[in-house]
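Chain by chain, the residues run as shown.
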Amino acid sequence: MSSLVEEEEAFEHTLLVVREVSVYKIPPRTTSGGYKCGEWLQSDKIWSGRLRVVSCGDRCEIRLEDPATGELFAACFVLPGQRESAVETVLDSSRYFVLRIEDGRGKHAFVGLGFNERNEAFDFNVALSDHEKYVKREQEKETAGAGGDDSSGGGEIDIHPAVNRRLKEGETIRINVKNKPSAGSGMLSSAATKPKTGMLLAQPAGAAGKLRSPLPPPPNDPAAARMNSGHNAGIRAPKESTKRNNDPFSDLSAIKVRLSNWCLTLSILFSTMEN
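Let us look at the structure shown here. All figures in this text were calculated on a predicted structure; none of them were measured in a lab.

On to the overall build of the protein chain, then. In terms of regular secondary structure, the protein chain is built from seven helices and seven strands. Along the chain direction, N to C, the helices and strands of the protein chain fall in the order α-β-β-β-β-α-β-β-β-α-α-α-α-α. Expressed as a percentage of its 275 residues, the buried residues of the protein chain come to 19%. Long-range contacts, defined here as pairs at least 24 residues apart, represent 52% of the contacts in the protein chain between residues at least 6 apart.

Core analysis: the biggest nonpolar cluster contains 25 residues, and L51, I62, V87, F115 and F124 have the highest contact counts within it. Looking at this core, the elements that each hand over two or more residues are β1 (12–25), β2 (45–56), β3 (59–65), β4 (72–78), β6 (96–102), β7 (108–115) and α3 (118–154). Leave out the neighbours within four places in its chain, and V87 touches I62, C76, V78, F97, V98, L99, F124 and L128. Ranked by size, the runner-up nonpolar core spans eight residues in total, among them Y24, Y35, W40 and Y96.

Attention now moves to the packing of aromatic side chains. Counting across every chain of the model gives seven aromatic pairs. Centre to centre, the rings of F97 and F115 are 5.9 Å apart; their planes meet at 90°, and the pair counts as edge-to-face. With F97 in strand β6 and F115 in strand β7, this residue pair connects regions lying 18 residues apart in the sequence. For F97, a relative accessible area of 1% puts it in the buried group. An aromatic cluster is present here, built from Y24, W40 and Y96 joined pairwise through their rings.

A few words now on the pairing of β1. Here β1 pairs with β2 via ten bridges, running antiparallel. Residue S22 lies in a different strand from β2, and its bridge partner there is S48. Relative to β7, β1 is paired through five bridges, and the arrangement is antiparallel. Residue K25 lies in a different strand from β7, and its bridge partner there is V111.

Another point: the state of the cysteines. For the structure shown, the criterion picks out zero disulfides. Of all cysteine sulfurs in the structure, the one in C56 sits closest to C60, which takes part in no disulfide; the separation is 7.9 Å. Look at C60 and you get buried, because its relative accessible area is 1%.

With that settled, the discussion passes to the pattern of salt bridges. Under the criterion given, the structure shown has eight salt bridges. When salt bridges with common partners are traced through the structure, they connect E12, R59, E61 and R63 into a single cluster.

Moving on: the pairing of β6. The buried count for β6 comes to five of seven residues, which makes it a mostly enclosed element. Sheet topology places strand β5 (residues 87–89) next to β6; three bridges connect them, and they run antiparallel. Bridge assignment links V87 to a residue of β6, and that residue is L99. Between β5 and β6, which pair antiparallel and follow one another directly, the connecting turn spans six residues. Note that β6 and β7 share seven bridges and pair antiparallel.

The rules behind the values
Residues numbered from 1 in each chain as written. Predicted model: local features only at pLDDT ≥ 70, side-chain atom pairs only at ≥ 80, totals over all residues. Heavy atoms only, no water. Helix = DSSP H or I, 4+ residues; strand = E, 2+ residues; numbered from the N terminus. Buried < 20%, exposed > 50% of the residue type's maximum accessible area, 1.4 Å probe, protein only. Contact = heavy atoms within 4.5 Å. Core = buried A, V, L, I, M, F, W, Y, C linked by side-chain atoms within 4.5 Å. Phe/Tyr/Trp six-rings, centres within 6.5 Å; stacked < 30°, edge-to-face > 60°. Pairing = 2+ DSSP bridges. Disulfide = S-S within 2.5 Å. Salt bridge = Lys/Arg side-chain N within 4 Å of Asp/Glu carboxyl O.

Written as structure tokens, this is what we have:
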């Protein structure tokens with residue numbers, strides 16, 4: 001028995017410590033609705049001291065201890081799935097609870113538990129919830145382990161030897177490779193070989209032999225004058241104009257004829273006046 005107790009104590013884990021709480025003697029519950037801390041009198045306070053929430057395997061213990069000596073005043077045992085019956089909240093406050101305490105000999109009683117601060121009451125609820133989550137995880141692990149053992153023990157694993165696919169001595173592999181056509185195939189090749197007839201515009205029917213002459217250059221364009229002089233250099237001028245331009249005295253003979261005619265006219269005019 002002593003070894004079992006030592007093992008139990010070795011697995012204890014403290015979840016919460018509150019330095020000071022109050023314990024009240026509460027009247028019997030008159031209705032099934034729940035307890036109200038407003039009905040508790042200040043004179044009903046029977047004890048004050050330290051509270052510890054301890055996790056012992058799948059059981060959670062709420063221990064009320066003397067802060068100086070550590071002597072146990074009362075304990076509330078919260079078994080898996082029985083939190084609501086062991087710890088009950090009151091209807092009119094979040095700082096007060098009703099605990100079901102036991103003396104270890106089968107007798108139990110209900111007492112009121114009060115915290116001085118709301119944060120302490122909140123931490124008390126969180127510690128109880130953490131213990132429930134821990135118990136649930138452990139149960140899931142055990143269930144998964146049991147299921148794995150059943151599946152491994154009931155079935156047999158057939159292990160086939162690895163197939164040796166290496167070539168034996170003297171064996172060869174023949175690979176037939178088809179020759180690729182020289183001409184390209186596919187959309188790119190067809191697009192490259194296809195003549196681009198759609199890009200050329202057809203000439204009109206009557207404009208095959210007709211070429212439109214360019215516009216004449218402006219009259220004072222020196223570049224056009226040089227081009228015309230170059231083009232006209234190979235064209236021969238008429239003989240008369242060539243001779244006329246080459247004879248420097250052609251104009252003088254005409255003037256001489258005119259002068260002689262004028263002198264004759266003057267002489268006739270003077271002779272007439274003398275008569």
